[in-house]
Amino acid sequence: MPTPVTVVVNCAGSGSRLGLGKTKALADILGRPLVVWQLEMLRGVADVRIAVGCDAPEVIEVAKNYRRDVIFVFNHDYANTGTAASLSLAAAHVAGDVISLDADLIVHPADFRKLLETEENMIGVTEPTTDEPVYAQIDEATNKVVSFNRTGPGKEWSGLVRVRADMVHAMKARGLAERHVFEMLTPLLPFSTLSIRCREIDTPDDYFRAIEWLETLRNGEGEG
Amino acid sequence: MPSLQFLFDLDGTLTREELLPKIAREVGLEREIGELTRLTMAGTIPFVASFIERVRILKQVPISRVQEITDTVEIDPHIAEFIRNRRESCAVVTGNLDVWTERLRNRLGIRFFCSKAEAVGEKIIRIASLLDKSHVPLQLGTRCVAIGDGYNDVAMFRQATYGVAFGGVHPPAIGLLDASTHAVYDSRTLCRLLSQLS
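Only a predicted model underlies this, so the values are computations on that prediction, with no experimental measurement involved.

Caption draft 1: Spotlight on the overall build of chain A. Looking only at helices and strands, chain A features seven helices and 13 strands. For 224 residues, the compact-globule formula gives about 17 Å, and the C-alpha radius of gyration of chain A, at 16 Å, lands near that figure. For chain A, the C-alpha atoms occupy an extent of roughly 45 × 40 × 40 Å along the three principal directions. The buried share among the 224 residues of chain A stands at 53%. Put simply, 70% of the contacts in chain A that link residues at least 6 apart link residues at least 24 apart. Carbon and sulfur atoms make up 49% of the accessible area of chain A, which amounts to about 9,900 Å² in all. Looking at charge distribution, chain A has the averaged site of its 23 positive side-chain charges lying 4 Å from that of its 32 negative ones.

What follows is the structure, given as structure tokens:
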């Protein structure tokens, strides 16, 4: 029997760098809020949780109108904590595996399916594209992520990971699930590697690039 | 007593309709109660003052008639099943009166924490005590999951280990979301979450 999977969409942050005046999950992408794009990709997933903080009532309203059976988990301290805090709150009491997906990461659905189908701890990596990348160091012999750093070279940590829920619980108990997810994962490495096609939306430039990419995908003109 | 207690609000959480407006509708006092309900929801009248006033209006209805009406109130079937499977761990926490909710208590077969009325025969004389919902988690002295939808659940949520805002009947009060650890919008999802917490 496959391991049950819970997907956590981290929507708690304010997204101030994008400058839309609202959290990134509500950013309009080709006529739909970003969080709806995420929920559409997660249509076959039974247990979906959305971590909310900034603009929580608005995010909830949009998400529940698209999908009624989402469990919303509040990170009220979103201004002082990172995505690891949201993930660990949402993953509490969950059995099996958890996939952590940041609201601002648009993933190619075919690559996301691979993460759903695996039974391993697995990290999504991509070619470096953002201005301040966190690099995943990959051991060539095993093709596993062995560490993270900010100097490179290497593949970029995408923010997407599949991890056993009990490992997240243990990190929370040790006080190591407060800041970034990659920092929480560091003591748990090595993890398998999955190359993914994705676009992260941090800045206005990213926003327009992501829209362009989605239009290309929608028109079947390429894969990113 | 089990180590984790589930504390359910009654109106609009366990029941699929609000009790007092339903009673009012059945006895032709809909207009008076409806206006009070509207002002309470809008935050113009505090919940306690509104409740006292609504009791003043509805106490003219014989208690047995109110109980007949509450017999027809629909209880959410998924939550009812969740409760049936763990009665010792579940309780209802409602500001409503004991004499009005007695039959619902018998239907569910679980403990009720509620306000109390002084009654003589079929008639309510006065409200003997108003329930402060925040006292229940403190009184139980154990880990609690509070489930509710209104402003009057905020204090209970603050004292509970988990506060689950439930929007299955109508959207939970925005102020309640600030005190919540979770929010869910259908009763199957609520029960899935509660089962995981237990």
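Next comes the rest of the account.
Caption draft 2: Region of the structure containing the layout of surface pockets. Residue and element names in this part refer to chain A. Taken as a whole, the largest pocket holds about 1,000 Å³ of empty space. Considering the residues around the largest pocket, the lining is formed by 38 residues, among which R17, T83, D104, H180 and D202 are closest to the centre. Among the secondary structure elements, those contributing two or more residues to the lining of the largest pocket are β1 (5–11), α3 (83–91), β11 (155–164) and α6 (181–185).

Caption draft 3: Structural detail: the confidence of the model for chain B. With 98% of its residues at a pLDDT of 70 or more, chain B has an overall mean of 93. Here the predicted complex scores 0.95 on pTM and 0.94 on ipTM.

Caption draft 4: Representation of the interface of chain B and chain A within the structure. At the interface, 18 residues of chain B touch 16 residues of chain A. Between chain B and chain A, a total of about 1,500 Å² is buried, with carbon and sulfur atoms accounting for 54% of that surface. Of all residues in chain B, Y185, R192 and Q196 of chain B give up the largest surface area on contact with chain A, accounting jointly for 39% of the area buried on that side. At the boundary of chain B and chain A, one finds one salt bridge. Notably, a salt bridge pairs D47 of chain A with R192 of chain B, separated by 2.9 Å at the nearest N-O pair. Counting every contact that joins chain B to chain A gives nine residue pairs in polar contact (both at pLDDT 80 or more). For the side of chain B that touches chain A, the elements supplying multiple residues, two or more each, are α10 (174–177), β7 (182–184) and α11 (187–197) of chain B. When its residues are assigned to classes, the side of chain B that touches chain A shows eight nonpolar, seven polar and three charged. Looking at chain direction, strand β5 (residues 71–74) of chain A and β7 of chain B are connected through two bridges and run antiparallel. When the sheet's bridge partners are listed, V73 of chain A is paired in β7 of chain B with H182 of chain B.

Caption draft 5: Spotlight on the environment of H76 of chain A. Structurally, H76 of chain A can be placed in the loop between β5 and α3. A polar contact of 2.6 Å, which involves the side chain of H76 of chain A, links it to the backbone oxygen of S180 of chain B.

Caption draft 6: Fine view of the nonpolar core. Counting 59 residues, the largest nonpolar core has I123, F148 and L185 of chain A together with F8 and L194 of chain B as the members making the most contacts within it. With five residues, α11 of chain B is the largest single contributor of residues to this core. Contact partners of F8 of chain B, with chain neighbours within four places excluded, come to L14, I79, F82, I83, C90, A91, V92, V93, I147 and L194 of chain B. L26, A56, A63 and V70 of chain A belong to the second largest nonpolar core, which has 53 residues in total.

Caption draft 7: Just the pairing of strand β4 (residues 47–52) of chain A, in detail. All names here are of chain A. Here β4 lies mainly inside the structure; six of its six residues are buried. The two faces of β4 match: D47, R49 and A51 on one face and V48, I50 and V52 on the other face are all buried. Where β1 meets β4, six bridges bridge the pair, whose relative direction is parallel. Directly across from T6, in β4, lies its bridge partner D47. Note that β4 and β5 share four bridges and pair parallel. Its bridge partner being in β5, R49 is matched across the sheet by I71. Once the chain exits β4 it traverses helix α2 (residues 56–66) before rejoining the sheet at β5, and the crossover so formed is right-handed.

Caption draft 8: Representation of helix α1 (residues 34–41) of chain A in the model. With seven of eight residues buried, α1 of chain A lies mostly within the body of the structure. Listed as buried for α1 of chain A are L34, V35, V36, W37, Q38, L39 and M41 of chain A.

What counts as what
Residues numbered from 1 in each chain as written. Chains lettered and ligands numbered in written order. Predicted model: local features only at pLDDT ≥ 70, side-chain atom pairs only at ≥ 80, totals over all residues. Heavy atoms only, no water. Helix = DSSP H or I, 4+ residues; strand = E, 2+ residues; numbered from the N terminus. Rg over C-alpha atoms; globule rule 2.2 N^0.38 Å. Buried < 20%, exposed > 50% of the residue type's maximum accessible area, 1.4 Å probe, protein only. Contact = heavy atoms within 4.5 Å. Areas by Shrake-Rupley, 256 points an atom, 1.4 Å probe, with all protein chains shown as cover. Lys, Arg positive; Asp, Glu negative; His and termini not counted. Charge placed at Lys NZ, Arg CZ, Asp CG, Glu CD. 1 Å grid on protein atoms, 1.4 Å probe; cavity = no way out; pocket = protein on both sides within 12 Å on 5 of 7 lines; lining within 4 Å. Points joined across faces, edges and corners; volume = space filled by probe spheres on them. pLDDT = per-residue confidence, 0-100. Buried area = accessible area lost by both parts, 1.4 Å probe. Salt bridge = Lys/Arg side-chain N within 4 Å of Asp/Glu carboxyl O. Polar contact = N/O pair within 3.5 Å; in protein donor to acceptor, adjacent residues only side chain to side chain. Nonpolar A, V, L, I, M, F, W, Y, C, P; charged D, E, K, R; others polar. Pairing = 2+ DSSP bridges. Core = buried A, V, L, I, M, F, W, Y, C linked by side-chain atoms within 4.5 Å. Right-handed = clockwise from strand over helix to strand, strands pointing away.

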